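Fold and contact review
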Amino acid sequence: MINFDIKEEDGRARNGCIEVNGKKALTPLFMPVATRGSLRTLSNEEAIEMGYEAIIANAYHLLMKPGLEVIKKGGGIHRYINWPSIIFTDSGGFQMIRAGFDQDISLEGVNFKSETDGKVIKMTPEENINLQKDLGADISMCLDFCPPHPADKDTLQRSVDITSLWAQRCKDVGHNTFCISQGGIDDQLRARSCRELVEIGFDGYAIGGLSIGEPKKEMYRMLDIADEVYPKDKPRYIMGLGSPVDILESVSRGIDIFDSAYPTRNARHGTILTSQGRLSIENGSLKDDHGPLDGSCRCPACENYSRSYINHLFRSNELSGLRLATIHNLSFMYRLMEDSRTAIKEGRFESYKESFVNDYK
Ligand SMILES: [Zn+2]
């Protein structure tokens, strides 16, 4: 059972609280991506100390490695990865299909090759939700069919048909489950996908198949369609969207939940998120910059270290550079969501968003 309370509204932006299995998270919520149960370079308790209340792991990757039985023996996913707060799991449908097996999608399910021994594994929507449930996830995501962008109308239509059919079968398993709409950037198909999912009825409603190369304004239009069709009293989640400006634009369109590897992946590649925009830490000009990564940030990387030092760590391939950059980027994202919630509470989200976007070059 998932509870979702909307506490405040400001335009279409909302402050809420999602509650599941006795655990709570405030929305708008950003979830770091722990595909294999790890945030890379950080221990999971470090993210909890930053304030994070939810992460998303990937059922497909965990099935491949270390395997369901190992995680079950380890006490279930919360204990195994030491994350006591909310864990969402993604079905892994996106990865299975991206691995190039889309010819093996049928009404029945997906066939994909195991990463470990090359064997063909069949996965039905029911088996997928049972896998997420057996891992011990608090919230499962439906198995969906996300075609690549651009896709022709027939492919999009087929993806909507299959996604709706699978969604019903996922629902019938009876777990805390969010559905995922498809339809690419086709207005009618996107609206139909959302409507069919609403008719089935879910605990939460995600939007999939976006942020995969389509123009931003098309993506925002799809969010407007989802906002129209999806029920106002349920959490809405856009999958895989992580740039700060995109997140704020989505919050202003009624989206509550986000996940992305954007802050952690960028950190490992030396891209620092700051209130003035992205900063490439390896830039030679930072050698003599003894200020913090971001003057307005209070994270341990900004409180204790300079741009010059972190530039030196990156240029010397020291692992602590990746760690400090990750600590900062995840702290930055946490603060972005916290500031958004405060702005919504005070009824000034639009002006907060405009001023953030203006400064973030
Ligand atoms: Zn910082």
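Remember, predicted model here, so these are calculated numbers, not experimental data.

For helix α10 (residues 244-251), the tally of buried residues reaches seven of eight residues, placing the bulk of the element in the interior. Considered for burial, the residues of α10 that qualify are P244, D246, I247, L248, E249, S250 and V251.

The strand order across the open sheet built from eight strands is β4-β13-β12-β11-β10-β9-β6-β5, with neighbouring strands paired in parallel fashion. On the outer flanks of this sheet lie β4 (29-32) and β5 (54-58), each paired with one strand and no other. Strand after strand, the sheet turns through a mean of 25° between neighbouring axes, direction not considered. Here two bridges tie strand β12 (residues 236-238) to strand β13 (residues 257-260), and the two strands are oriented parallel to one another. Bridge assignment links Y237 to a residue of β13, and that residue is I257. This element, helix α8 (residues 187-200), spans β10 (177-181) and β11 (204-207) of the sheet and lies at about 160° to β10.

Before going further, it helps to spend a moment on empty space enclosed by the protein. Under the counting rule described, the total for this entry stands at one cavity of 30 Å³ or more. By volume, the largest cavity amounts to about 60 Å³. If you go around the largest cavity, the residues you meet are L26, L29, F30, G51, Y52, E53, M333, Y334, M337 and R341. Contributing elements (two or more residues each) for the lining of the largest cavity: β4 and α14 (319-345). Sorting elements by how many residues they give to the lining of the largest cavity places α14 first, with four residues. Each residue belonging to the lining of the largest cavity can be placed in one class, and the counts come to seven nonpolar, one polar and two charged. Both of domain 1 (2-260) and domain 2 (270-361) provide at least three residues apiece to the lining of the largest cavity.

According to the domain assignment, the protein consists of domain 1 (2-260) and domain 2 (270-361). Taking only C-alpha atoms, the centre of domain 1 and the centre of domain 2 are 27 Å apart. Interface area for domain 1 against domain 2, summed over the two sides, is near 2,300 Å², with a carbon-plus-sulfur share of 72%. Linking domain 1 with domain 2 are two salt bridges, by the criterion used here. Here E46 makes a salt bridge to R323, at a shortest N to O gap of 2.7 Å. For the pair domain 1 and domain 2, the interface holds eleven residue pairs in polar contact (both at pLDDT 80 or more).

Bringing the side chain of D256 into the picture now. Turning to its location among the elements, D256 is positioned in the loop between α10 and β13. In this structure D256 comes out as buried when scored by relative accessible area, which is 0%. At 2.8 Å, the side chain of D256 forms a polar contact with the side chain of R14.

A few words now on unusual backbone geometry. Residues apart from glycine generally show negative phi values, whereas peptide bonds are mostly found in trans. Along the chain, T27 connects to P28 via a cis peptide bond; the corresponding omega equals -5°. In this model, H149 is joined to P150 through a cis peptide bond whose omega is -5°. Mapped onto the elements, P150 comes out in the loop between β9 (139-141) and α7 (153-173). Look at N21: it is not a glycine, yet its phi comes out positive at around 50°. Within the fold, N21 resides in the loop between β2 (13-20) and β3 (23-27). Of note, the phi angle at N317 is positive, near 55°, even though the residue is not glycine. Tracing the sequence through the fold places N317 in the loop between α13 (307-315) and α14. What makes N317 exposed here is its relative accessible area of 70%.

Here is what the cut-offs are and how they apply
- Residues numbered from 1 in each chain as written.
- Predicted model: local features only at pLDDT ≥ 70, side-chain atom pairs only at ≥ 80, totals over all residues.
- Heavy atoms only, no water.
- Buried < 20%, exposed > 50% of the residue type's maximum accessible area, 1.4 Å probe, protein only.
- Helix = DSSP H or I, 4+ residues; strand = E, 2+ residues; numbered from the N terminus.
- Pairing = 2+ DSSP bridges.
- Axes fitted to C-alpha atoms, helices over the stretch in contact; angles between N-to-C directions.
- Contact = heavy atoms within 4.5 Å.
- 1 Å grid on protein atoms, 1.4 Å probe; cavity = no way out; pocket = protein on both sides within 12 Å on 5 of 7 lines; lining within 4 Å.
- Points joined across faces, edges and corners; volume = space filled by probe spheres on them.
- Nonpolar A, V, L, I, M, F, W, Y, C, P; charged D, E, K, R; others polar.
- Domains from an automatic or database assignment.
- Buried area = accessible area lost by both parts, 1.4 Å probe.
- Salt bridge = Lys/Arg side-chain N within 4 Å of Asp/Glu carboxyl O.
- Polar contact = N/O pair within 3.5 Å; in protein donor to acceptor, adjacent residues only side chain to side chain.

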